[in-house]
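Reading the structure
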4 protein chains.
Amino acid sequence: MASKLIAIVAGVGAGTGASVARKFAATYPVVLLARNPDNFEGIAKEINERGGKAVGISTDISDSKSVKDAIEAIKKEFGPDVGAAAAIFNASGGFLRKPFLELPEDVFSTALDVSAKGGFLFSQATLPLLLKGVQQKSQHPPSLIFTGATASVKANALMASFATGKWALRSLSQSLAREFGPQGVHVSHAIIDGVIDIPRTKEWLKELGPEAKLSADGIANDYWYLHTQPVTNFTWEIDLRPAIEKW
Amino acid sequence: MASKLIAIVAGVGAGTGASVARKFAATYPVVLLARNPDNFEGIAKEINERGGKAVGISTDISDSKSVKDAIEAIKKEFGPDVGAAAAIFNASGGFLRKPFLELPEDVFSTALDVSAKGGFLFSQATLPLLLKGVQQKSQHPPSLIFTGATASVKANALMASFATGKWALRSLSQSLAREFGPQGVHVSHAIIDGVIDIPRTKEWLKELGPEAKLSADGIANDYWYLHTQPVTNFTWEIDLRPAIEKW
Amino acid sequence: MASKLIAIVAGVGAGTGASVARKFAATYPVVLLARNPDNFEGIAKEINERGGKAVGISTDISDSKSVKDAIEAIKKEFGPDVGAAAAIFNASGGFLRKPFLELPEDVFSTALDVSAKGGFLFSQATLPLLLKGVQQKSQHPPSLIFTGATASVKANALMASFATGKWALRSLSQSLAREFGPQGVHVSHAIIDGVIDIPRTKEWLKELGPEAKLSADGIANDYWYLHTQPVTNFTWEIDLRPAIEKW
Amino acid sequence: MASKLIAIVAGVGAGTGASVARKFAATYPVVLLARNPDNFEGIAKEINERGGKAVGISTDISDSKSVKDAIEAIKKEFGPDVGAAAAIFNASGGFLRKPFLELPEDVFSTALDVSAKGGFLFSQATLPLLLKGVQQKSQHPPSLIFTGATASVKANALMASFATGKWALRSLSQSLAREFGPQGVHVSHAIIDGVIDIPRTKEWLKELGPEAKLSADGIANDYWYLHTQPVTNFTWEIDLRPAIEKW
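Let us look at the structure shown here. What you are looking at is a predicted structure, and each value in this text was computed from that prediction instead of being measured.

Reports of interface size often rely on the accessible area that becomes lost once the parts have come together. With 40 residues of chain A at the interface, the matching set in chain D holds 40 residues. Interface of chain A and chain D: buried area, both sides summed, is about 3,300 Å²; carbon and sulfur atoms make up 66% of it. Taken together, chain A and chain D are joined by two salt bridges. E105 of chain A is paired through a salt bridge with K117 of chain D; the nearest N and O atoms lie 3.1 Å apart. Where chain A touches chain D, the interface holds 22 residue pairs in polar contact (both at pLDDT 80 or more). The set of elements that each furnish at least two residues to the side of chain A that touches chain D consists of α4 (105–135) and α5 (160–180) of chain A. A per-element tally of the side of chain A that touches chain D places α5 of chain A first, with 14 residues.

Structure follows, in structure tokens:
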């Protein structure tokens, strides 16, 4: 019997990651990766209490050893032949609006470590499981989805660190889409162009009304839709923004 | 009582247009526009026989008078206050792979007339109905969707006519997305990057197997998904291609 | 003996066109095309008085017959085998910042007629002369240069007409660059991203100082530089903006 | 008296770097940075023998300490208030065409270290000197120029490492162009789209003739031209390719 396929979400916090975890947990056991267990414990508990299955693993996505350990933990939990139906990379770092000459080297490095190297390590770790998902005839083509931002396509002044990491991640996603599409894995990149409505942004843009911010659950729906596209109709990239957003 | 909202599809033929018509007809009365009635009669009959409602109107989308007449016919059929939930522009023209110095002026003009001016006339005719859809509190934000192609973002050698029309249409869709998003109308552009599996292409790419071509029904699903996105999560552009496509 | 090569400039007015004419006239006899002779008479006179050679021809660039007549006039003046070293398309039209539903059809059509169809007619008329320039071993690769704008790559709200024409023109230039580069003709597109300092804009942006606007002579220098690139180093596209421009 | 302005070139080898050094050395004393002194000794000797001034400094551009040491060495040589007229970043790394799952982590990291972090360190080190160049009223606006590649805008299959570094570098250059343009420093990015004719590629594309490869001296000319653009006409990005290149 084929193993039950899992979904793996990296960069789980109180916003998009949690919504994505919740959405995919309705169909798959989910593995939640974040450096700080505080970030996944609440949503893991919620999913498990509602009858789903969620496993949180404390992982530094920019550290090769830590990512390997996470995969080992996954195999211990779900069996050595476990395949994945979806892997979602939602981590980011190095956000600091700052004159370039005052930008600390470690902030720039963090952006690269999380977005670029983290994306690389996550992809190298999960693609073998996604390819197993193809072999195990997953209902929907196994999906590798990357969360991008306005800064993935536009590098504004004072945003050198964050933008550089995000352009790097977009590049990775495009190369992988071209290489793994023909192997049956659907690689996508979502440009989130606006403020997401999460606890941290509760007070932002209030004057513009409740529809001025992206819904994290909406993003999760969009990711799920990408996941359900058949092999004849793969989308590499979508942009997402509130209707009222200026762009 | 609010009028029942309709969907309007321009450029209905045996492929994407018919699939889109069928998909949206499951929820809305549909109006099918094509110059040649042969192109909409079959699908209109099919929809009406299955209990849906479809009205075909012979329309030259590049002719101002003809488009106005179509709107008059729509109002006669559905009432003067009819609103629209969706308007889909799927027409194109001027496709001719030819050395530039041998490209007839009328082919180049046709590309512009259908893709650019046609897109303009269709948008000016349907946006008032879509805005009425907003007022009439449509379940999903009223949608104006344009069908693009590989040639919408890449102008290859020998493809000057078709590409020029398609770039023009993409530009129109971007400007409209920015203007009408804040008014509640969702304007999208889909880059169809590959061969669509329709009667005319039956023999193409056969050696690559059944998954080498885009599914027209799949495109219709993608358009429907765009239509169902809430105002917090609008996509302007998606690309769509078979998994095995080289790009 | 080879005919002396000429330069042809379409869209000559008091700004970029005049500067380009002046610059290229230092090396080549120049032909100046504009609908209204007022637009080329001053600069033609100036060039001829300084010992250069300039011929103005009243031409509607969007009209096939008018463009053909211009080419006939050129051949009458310079001989039937005249070749061109450069052809510069600087015409544009249909600029109107207006809510889309108030945009007159004729403004939208003008944008297409001038930018898209005009670009097509100008290219079909001048490319045979540019190819003769290749045969006649011009010192620099014969150049076909198109003037673009911010609106060539970004279609803002309320700018549907102008942007649509400009995107169309950019598409044309890309297709031609791919087709004619291997034949030795250098096709380029310049994105002019800012206000050009010309008589009509004298009062604009004054508060920002003399460097807030693009120099028309500077643009002419940039076009000349493109013209002098050897076949090993062709640029298709450059962007040009004042240092202080926000973008 | 103002210090004499210098030009700094990172990533000097037998190709573009040497040509750029030679070109800028005709006007400025040049500082040549490369990890391996073999890479700059020949060209430094040549420049010095011809009456120019060139100083080579062995530098690991991805190492913060090494880059700081290089700047100290520059100040020791040219004085503590030395300003720069130009800084050219021509380094790259991590080029390996390889299935993604076989791509070693250290190759991916090298691409990021050289292209992204190297670009960051070089920019933070040279921008203060370029800003001094502005204060010292350099003849041409001080220039920071980055060498890009086809892979800067297109991430092909099997090219994940190189492309990711190059997209990151392009992002950095765009953010810096927006921040430092208004301060008088001209930041540019050149997309080198083709094979450069250097000793290492001597045998490549021979069947296509001598014009199938980009000229390194031509690239140096293009960089010099960018350097000479006035503040009213800054180019952020140019693409460069042989006329016969398919793209």
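With that settled, the discussion passes to the environment of P242 of chain D. Summarising the element assignment, P242 of chain D is placed in the segment after β9 (237–240). Note on P242 of chain D: relative accessible area 1%, which makes it buried. Along the backbone, P242 of chain D and I196 of chain D are 46 residues apart, and their C-alpha atoms lie at a distance of 9.2 Å. In this view, P242 of chain D contacts V231 and T232 of chain C together with D193, G194, E211, A212, K213 and L214 of chain D; residues no more than four positions away in its chain are not counted.

Take the relation of the copies chain A and chain D next. Between chain A and chain D, the superposition needs a rotation of 180° and an axial shift of 0.0 Å, giving an RMSD of 0.0 Å. Both chain copies can therefore be described as sitting about a two-fold axis. Taking the C-alpha atom as reference, chain A places A168 of chain A closest to the rotation axis, 2.4 Å from it. With an isologous cut-off of 70% or more, the 100% of interface residues of chain A that recur at the interface of chain D puts this contact in the isologous class.

Another aspect to go through is the interface of chain D and chain C. Each partner contributes residues to the interface: chain D has 31 residues there, and chain C has 31 residues. Roughly 2,700 Å² of surface becomes buried between chain D and chain C when both sides are summed, with 51% attributable to carbon and sulfur atoms. Remark: the boundary between chain D and chain C carries zero salt bridges. Elements supplying a minimum of two residues to the side of chain D that touches chain C: α5 (160–180), β8 (214–215), α6 (216–228) and β9 of chain D. Counting residues per element, the side of chain D that touches chain C draws most heavily on α6 of chain D, at five residues. When its residues are assigned to classes, the side of chain D that touches chain C shows 15 nonpolar, nine polar and seven charged.

Per the counting criterion, the structure on display carries 52 salt bridges over all chains. For K213 of chain D, the salt bridge is made with D197 of chain D, and the minimal N-O distance between the two is 3.9 Å. A residue pair is termed long-range when its members are at least 10 positions apart, and K213 of chain D in the loop between β7 (196–197) and β8 and D197 of chain D in strand β7 qualify at 16 residues. Salt bridges linked by common partners bring R22, E46, R50 and D217 of chain A together as one network.

For any pair of aromatic rings, the description consists of the separation of the ring centres together with the inter-plane angle of the planes. Applying the stated rule across the entire model yields 38 aromatic pairs over all chains. Where F24 of chain A meets W224 of chain A, the ring centres are 5.0 Å apart and the plane angle is 75°; that geometry is what we call edge-to-face. Note that F24 of chain A is positioned in helix α1 (residues 16–25) and W224 of chain A in helix α6 (residues 216–228), a separation of 200 residues in sequence. For the pair formed by F24 of chain A and W224 of chain A, the shared burial category is buried. A connected cluster of aromatic rings, assembled from ring pairs, spans F100 and F108 of chain A together with F120 and F180 of chain D. Over the face of the ring belonging to W247 of chain A we find R178 of chain B, whose NZ or CZ atom lies 4.1 Å from the ring centre. When the ring centre of W247 of chain C is taken as reference, the NZ or CZ atom of R241 of chain C above it lies at 3.8 Å.

Our next topic: the packing of α5 of chain A against α5 of chain D. In the contact formed by α5 of chain A and α5 of chain D, the axes pass within 8 Å of each other and the chain directions differ by 145°. The chirality of how α5 of chain A crosses α5 of chain D is right-handed. Taking contact as the criterion, the partners of A160, A163, T164, W167, A168, R170, S171, L172, Q174 and S175 of chain A in α5 of chain A are, on α5 of chain D, A160, A163, T164, W167, A168, R170, S171, L172, Q174 and S175 of chain D. Split by residue class, the contact of α5 of chain A with α5 of chain D holds ten nonpolar, eight polar and two charged.

Residues and elements named next belong to chain B. Burial analysis of strand β2 (residues 30–34) places five of its five residues in the buried class, the great majority of the element. Judged by which residues are buried, β2 turns out to be covered on both faces: V30, L32 and A34 on one side and V31 and L33 on the other are all buried. As a crossover connection, the stretch from strand β1 (residues 6–10) through helix α1 (residues 16–25) into β2 is right-handed. When β2 meets strand β3 (residues 54–58), the two strands line up parallel, connected through five bridges. Following the sheet pairing, A34 is matched in β3 by S58. Between the parallel pair β2 and β3, the chain is carried across by helix α2 (residues 38–49), and the sense of this crossover is right-handed.

Rules used in this analysis
- Residues numbered from 1 in each chain as written.
- Chains lettered and ligands numbered in written order.
- Predicted model: local features only at pLDDT ≥ 70, side-chain atom pairs only at ≥ 80, totals over all residues.
- Heavy atoms only, no water.
- Contact = heavy atoms within 4.5 Å.
- Buried area = accessible area lost by both parts, 1.4 Å probe.
- Salt bridge = Lys/Arg side-chain N within 4 Å of Asp/Glu carboxyl O.
- Polar contact = N/O pair within 3.5 Å; in protein donor to acceptor, adjacent residues only side chain to side chain.
- Helix = DSSP H or I, 4+ residues; strand = E, 2+ residues; numbered from the N terminus.
- Buried < 20%, exposed > 50% of the residue type's maximum accessible area, 1.4 Å probe, protein only.
- Least-squares fit on C-alpha atoms with pLDDT ≥ 70 in both.
- Nonpolar A, V, L, I, M, F, W, Y, C, P; charged D, E, K, R; others polar.
- Phe/Tyr/Trp six-rings, centres within 6.5 Å; stacked < 30°, edge-to-face > 60°.
- Lys NZ or Arg CZ within 6 Å of the ring centre and 35° of its normal.
- Axes fitted to C-alpha atoms, helices over the stretch in contact; angles between N-to-C directions.
- Left-handed = near helix turned anticlockwise from the far one by under 90°.
- Right-handed = clockwise from strand over helix to strand, strands pointing away.
- Pairing = 2+ DSSP bridges.

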